[in-house]
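Residue-level structural notes
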Amino acid sequence: MTSPFIVECLDCGHRSPYVITENHCINCGSDWRETRYDLESLKADLPALWKDRPFDLWRYRELLPVIAHVPDISLGEGGTPLLRAANLGMMLGLPKLYIKDERQGPTASFKDRQAAVTIAALKEAGVTEAVIASTGNVAIAYSAYAARAGIKLWAFITSLVPQVKMREVALYGTQVVKVTGNYDQAKQIAAEFAKTRALYVDRGVRSITTVDAMKTLAFEMAEQLTAILGPPESGAVPWRTPDWYVQAVSGGLGPVGVLKGFEEMKALGLVDRSPKIANLQADGCAPMVSAWKANKEKADPVINPRTHIATLATGDPGRTYTVLRQRMLDNAGGLFEEVSDEEAFRAMHIVAKMEGMSVEPASAVAFAGLIKLVRAGAINPNEVVVVNLTGHTVPVEQSVLGENWARSVDYPEKKGKTGELAPEEGLLAALNRVSADRYRRVAIIDDNPDVRQLIRRILQAQGNYTLFEAQDGRAGVELINREKPDLIILDLMMPEMDGFSVLEVLRHNPDTAEIPVIVATAKELSNLEKERLGGQIQALMQKGDFMSDELLAEVKKLIE
Ligand SMILES: *Cc1c(COP(=O)(O)O)cnc(C)c1O
Ligand SMILES: [Zn+2]
């Protein structure tokens, strides 16, 4: 089944057949055009067709601007998992938090969707040479697919892009051109170069193929959420829409594509609404955030981006911001917010140690934004939230972890003639030196096993403690009397003997009266309750609102 589609000009509405090498409207000259599919006639057949297909990007091929599927260039793009983030969700008080893990795409970022569809369309059209400008990941993704399609690629990359990424691009056989300048300048030079040589140049959001490639994210999210949470309660449509789609943005292609995807799903009768979009930028390069907050339709370019996160350094989003903003306002709305590089690096560490996912700094911007938005009350605890974990490509962990992130053990050499040492003995001794003599002892008293696991994880990921756990007040008091911990982390609401009573017992026993206590509670405390705690505890943390590093800092302050 081939898919009838045409290209529509967003300015004059002129419709024409799609020719990949034509990048302007033949009627008005505008370069803002999008595909239109005959959704009405596809409506009946699509769900049945999809049912038996593998879960990858080409599952939705009738809605992509490629006629032939071109499987010989496929690298297995799309179909990335949607993972529940239980630990991070509990930490933030957001039980329905999901991560779309785009690291698991073939080039380890969500740019492989864009590259797969574009290169397939170029190959189909017989194009053999193309040009791109990139902050790194676009170049890697296009290079991989161009290699498979036998297309020569020129990549214009700003010199700010980490060496490891540039090296990977070159490895694929792409001609790398380093541009000393910012990303906007690299784009200009690439466009000039392509023009003089009459070569195809990727134009980001203004390339027809890119927007449609990104919309597959929307289809996948809706299908996956439905599999996890079941169809929407209303019963009117089969697929579920998340309340929020959260993404770090640079040029803004991702959210534009995702919104187009939800619009098409609405037209197909698959969903009944679009998600709110949370767009996050690094504060050293946040032209869209500034414009949004000033309620402006146009973004003023940031001339000198000041962020270490090169992937997000689009200083001039141009008309994409205007288009994205309008599309959000026409749908469910959303917001733009900024975070600092430091907040992003902190979030990078939190996501890794709480969820076991190593993300690149650009993706961490989305997580830092999520934390900020939950704390500000912009995202509500009962909402279904999907964060796009856009990519993981380079080992940048060193700059996040700081000094002393690893311990070293020397394999012991044989001693001289006097003290001949058996190798195992020496190894054991060396390993013993890795662990401190006596770790600080912390008692965790909480009736919820998930909370105990979360607190345990927070403490173990970053420090060495001997941990004791009790699941109610009575067992807690017993444990404390027996083990005499250096610190107690105490829940307030527990059946039978609650935290208040535990405190009372501890304070009346001279052996335990001086042990510092951190109260971690999910309860909104009344003034009376706060008074009851007064003077008895060292710190109060609201569960679902405390951050892992805050709890850790508090613990360290009290016992180290
Ligand atoms: C490209 C990219 C972004 C920004 O995406 P846009 O939707 O184009 O703004 C975010 N994170 C990573 C890892 C990227 O490669
Ligand atoms: Zn036009």
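Residues numbered from 1 in each chain as written. Chains lettered and ligands numbered in written order. Predicted model: local features only at pLDDT ≥ 70, side-chain atom pairs only at ≥ 80, totals over all residues. Heavy atoms only, no water.

1. A closer look at the overall build of the chain
As a reminder, the rule being used: Runs of E in the DSSP output that reach at least two residues are strands. Runs of H or I that reach at least four are helices, and both are numbered from the N terminus. We call a residue buried when its accessible area falls under 20% of the maximum for its residue type, exposed when it is over 50%, and partly exposed in between, using a 1.4 Å probe and counting protein chains only. For this analysis, residues touch if any pair of their heavy atoms sits within 4.5 Å. All accessibility values rest on the Shrake-Rupley procedure with a 1.4 Å probe; residue burial counts only the protein chains present in the view. In summary, the charge assignment counts Lys and Arg as positive and Asp and Glu as negative, without counting His or the chain termini. Charged side chains are reduced to one point each, which is NZ for Lys, CZ for Arg, CG for Asp and CD for Glu.
The number of helices and strands found in the chain is 20 helices and 18 strands. Taken along the three principal axes of its C-alpha coordinates, the chain extends 85 × 75 × 50 Å. Burial statistics for the chain: of 560 residues in total, 55% are counted as buried. Within the chain, contacts between residues separated by at least 24 positions form 70% of all contacts whose residues are at least 6 apart in sequence. Counting only carbon and sulfur atoms, one obtains 49% of the accessible surface of the chain, whose full area is about 24,100 Å². Each charge sign in the chain was given a centre, from 63 positive and 73 negative side chains, and these centres are 2 Å apart.

2. Quick look at the packing of aromatic side chains
The criterion, for reference: Aromatic rings from Phe, Tyr and Trp, with only the six-membered ring used for Trp, were paired whenever their centres fell within 6.5 Å, and each pair was classed as stacked if the ring planes differed by under 30 degrees, edge-to-face if by over 60, and tilted otherwise. The rule is short: NZ of Lys or CZ of Arg within 6 Å of the ring centre and within 35 degrees of the ring normal puts a charge over the ring.
Under the definition given, this model contains 10 aromatic pairs. Measuring from ring centre to ring centre gives 5.9 Å for F5 and Y18, while their planes differ by 50 degrees; the resulting arrangement is tilted. Residue F5 is found in strand β1 (residues 5-9), and its partner Y18 is found in the loop between β2 (15-16) and β3 (33-37); the two are separated by 13 residues along the sequence. Across the pair, exposure class does not vary: F5 and Y18 are buried alike. The ring of W154 is capped by K152, whose NZ or CZ atom sits 4.6 Å from the centre of that ring. For the cation-ring pair, R532 lies above F500, with the distance from its terminal atom to the ring centre recorded as 4.2 Å.

3. Comments concerning helix α16 (residues 449-462)
Residues spaced three or four apart along an α-helix face the same direction, because each turn holds 3.6 residues. Condition: In this analysis, the expected span of each helix is defined as 1.5 Å times one less than the number of residues it contains. The arc in question is formed by the directions pointing from the helix axis toward the C-beta atoms.
An ideal rise of 1.5 Å per residue puts 20 Å on 14 residues; α16 measures up with 20 Å between its terminal C-alpha atoms. Along α16, the positions that sit buried rather than exposed are V451, R452, L454, I455, I458 and L459. Projected down its long axis, α16 carries its buried residues within an arc of 160 degrees, all on one side. Packing partners of the buried residues in α16 comprise α3 (86-92), α12 (341-355), β14 (440-445), β15 (465-470), β16 (487-490) and α20 (548-559).

4. Some words on the coordination of the zinc ion (ligand 2)
Heads up, the rule is: Sites may look incomplete, because water is not among the atoms used; the donor set itself consists of N, O and S atoms within 2.8 Å of the metal (3.2 Å for Na, K and Ca). Here the metal geometry follows the donor angles, with tetrahedral for four donors whose angles all fall between 85 and 135 degrees, square planar for four and octahedral for six when opposite donors are more than 155 degrees apart and every other angle is between 65 and 115, and irregular for all the rest.
Only C9 (SG), C12 (SG), C25 (SG) and C28 (SG) from the protein reach the zinc ion (ligand 2) as donors, at distances of 2.3 Å. Angles of 105 to 114 degrees at the metal separate the 4 donor atoms of the zinc ion (ligand 2), which places the site in the tetrahedral class.

5. Overview of the site of ligand 1
The line we're drawing: Here, proximity means that at least one heavy atom of the residue falls within 4 Å of the molecule or strand. Polar contact is defined as a pair of N or O atoms within 3.5 Å, subject to the rule that within protein one atom must be able to donate a hydrogen and the other to accept it, and that residues adjacent in sequence are counted only when both atoms are side-chain atoms. Residue classes follow a fixed rule: Ala, Val, Leu, Ile, Met, Phe, Trp, Tyr, Cys and Pro count as nonpolar, while Asp, Glu, Lys and Arg count as charged, and any other residue, Gly among them, counts as polar.
Around ligand 1 sit 18 residues, and of these K111, N137, S250, G252 and G254 come closest. Take Q247: an N or O atom from its side chain is 2.9 Å from an oxygen atom of ligand 1. G252 is positioned such that a nitrogen or oxygen atom in its backbone is 2.7 Å from an oxygen atom of ligand 1. Here the shell around ligand 1 takes 3 residues from helix α9 (residues 253-267), the largest share from any one element. Of the residues that constitute the shell around ligand 1, the class distribution is 7 nonpolar, 9 polar and 2 charged.

6. Details of the pairing of strand β17 (residues 517-521)
Worth spelling out the cut-off: Two strands pair if DSSP finds at least two bridges between them. Think of it like this: strands point away, you trace from the first strand over the helix to the second, and a clockwise trace means the crossover is right-handed.
Of all 5 residues making up β17, 5 are buried, and the element is well covered by its neighbours. Residues V517, V519 and T521 line one face of β17 and the alternating positions I518 and A520 line the opposite face, and both faces are buried. The pairing of β16 with β17 spans 3 bridges and is parallel. Across the sheet, the residue bridging to I489 is I518, located in β17. Crossover β16 to β17 through helix α18 (residues 499-507) is right-handed. Pairing analysis gives 4 bridges linking β17 to strand β18 (residues 539-542), with the strands arranged parallel.

7. Quick word on the pairing of strand β8 (residues 175-179)
Taken together, the 5 bridges between strand β7 (residues 152-158) and β8 define a ladder with parallel strand orientation. By the bridge assignment for β8, T158 is matched with V179. Taken together, β7, helix α6 (residues 163-171) and β8 constitute a β-α-β crossover, and its handedness is right-handed.

8. Considering the sheet that holds β3
Overall, antiparallel pairing links the 3 strands, which are arranged β2-β1-β3 in an open sheet. Edge positions in the sheet fall to β2 and β3, since each of these pairs with one other strand and no more. With 5 bridges joining them, β1 and β3 adopt antiparallel strand pairing. Across the sheet, residue I6 finds its bridge partner in β3, namely R36.

9. Looking at the domain arrangement of the chain
Interfaces are often described in size by the accessible area the parts lose on coming together. To keep things clear, this is the line we draw: Annotation comment: domain bounds sourced from an automatic or database domain assignment. Buried area, as used here, totals the accessible surface that two parts lose on assembly, with accessibility defined by a 1.4 Å probe and the loss added over both. Here a salt bridge means any side-chain nitrogen of Lys or Arg lying within 4 Å of a carboxyl oxygen belonging to Asp or Glu.
For the chain, the assigned domains are domain 1 (71-103 + 211-389) and domain 2 (439-559). A C-alpha centroid distance of 36 Å is found between domain 1 and domain 2. For the pair domain 1 and domain 2, the summed buried surface comes to about 1,300 Å²; carbon and sulfur atoms form 54% of the total. Linking domain 1 with domain 2 are 1 salt bridge. Counting across the interface, domain 1 meets domain 2 through 2 residue pairs in polar contact (both at pLDDT 80 or more).

10. Notes on unusual backbone geometry
In this model, N295 sits at a positive phi of 55 degrees, which is unusual for a non-glycine residue. On the basis of relative accessible area, N295 is assigned to the exposed category, the value being 59%. With a phi angle near 45 degrees, K484 is a residue other than glycine that sits in the positive phi range. Checked against the element boundaries, K484 lands in the loop between α17 (473-483) and β16.

11. Some points on the environment of T128
Locating T128 in the fold gives a position in the loop between α4 (111-124) and β6 (129-134). With sequence-adjacent residues up to four places away left out, T128 is seen in contact with G150, I151 and K152.

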